[in-house]
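# Chain and residue survey
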Amino acid sequence: MLLALAEPSVATQAPAPPGDHALQVAPGAQGKRILVVEDHDDARHLLVQLLTPLGFVVEQAADGSEAVAQVADAPPDLVIMDWRMPKMDGLEATRQIRALPLTQQPKILMLTASAFEEQRVTALQAGIDDFLRKPLQESQLLAALETLLNLRLPHETCAPAPT
């Protein structure tokens, strides 16, 4: 499934209704906390709708300054951070989160509509753990979650194509 988490002019595709979707609660995901930081309400809610049925505890922030405050108060296991946001962008928020005196730093997954490799390098230098380009493929997001959180998520199973 394509997750159109780009600019507000791009329509977002809602996840399939319950029962029509092969994803299910993942035992390793139970109780893992994810903070979704995205200034576009539709894109943020789409991620919440995708992650919650998997068993994650999902919290939200609309900009980088909200994210830093939430991480300082109660660090999540993972932050899914948009790059371009008002007030404070994802790079500055990442730098400030990395500077917090936390006993355990969260993993940070940066999302961006940019396709330039040098921006990936810039984001890695700021302290992110992984980088995905928008629009996202659900499979790419799930693979990143598995890697960053060291767990196995159930994936959709497709019937083989007729021959």
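What this report covers is the structure whose coordinates are included nearby. Quick caveat: nothing in here was measured; it's all calculated off a predicted structure.

### Concerning the overall build of the protein chain
- Helix and strand content of the protein chain: five helices and seven strands.
- For the protein chain, the N- to C-terminal ordering of α and β elements is β-β-α-β-α-β-α-β-α-β-β-α.
- Within the span of the protein chain, comprising 163 residues, buried residues form 46% of the whole.
- Restricting to contacts in the protein chain with at least 6 residues of sequence separation, those with at least 24 account for 65%.

### Some remarks on the sheet that holds strand 6 (residues 130–133)
- The parallel open sheet is built from five strands, whose spatial order is 3-2-4-5-6. Either end of the sheet is taken by a strand with one partner, and the two such strands are strand 3 (57–61) and strand 6. Each strand axis lies, on average, 20° off the axis of its neighbour in the sheet, ignoring direction.
- Relative to strand 4 (residues 78–82), strand 2 (residues 33–37) runs parallel, the two sharing four bridges. Its bridge partner being in strand 4, Val 37 is matched across the sheet by Met 81.

### Digging into the pairing of strand 4
- For strand 4, a buried count of five out of five residues is recorded, marking the element as mostly surrounded by other parts of the structure.
- Where burial is concerned, the two faces of strand 4 agree: the one with Leu 78, Ile 80 and Asp 82 and the one with Val 79 and Met 81 are both buried.
- As paired strands, strand 4 and strand 5 (residues 107–112) are joined by five bridges and run parallel to one another. From the neighbouring strand, Leu 78 faces strand 5, where its bridge partner is Lys 107.
- Crossover handedness for the path strand 4 to helix 3 (residues 90–99) to strand 5: right-handed.

Rules used in this analysis
- Residues numbered from 1 in each chain as written.
- Predicted model: local features only at pLDDT ≥ 70, side-chain atom pairs only at ≥ 80, totals over all residues.
- Heavy atoms only, no water.
- Helix = DSSP H or I, 4+ residues; strand = E, 2+ residues; numbered from the N terminus.
- Buried < 20%, exposed > 50% of the residue type's maximum accessible area, 1.4 Å probe, protein only.
- Contact = heavy atoms within 4.5 Å.
- Pairing = 2+ DSSP bridges.
- Axes fitted to C-alpha atoms, helices over the stretch in contact; angles between N-to-C directions.
- Right-handed = clockwise from strand over helix to strand, strands pointing away.

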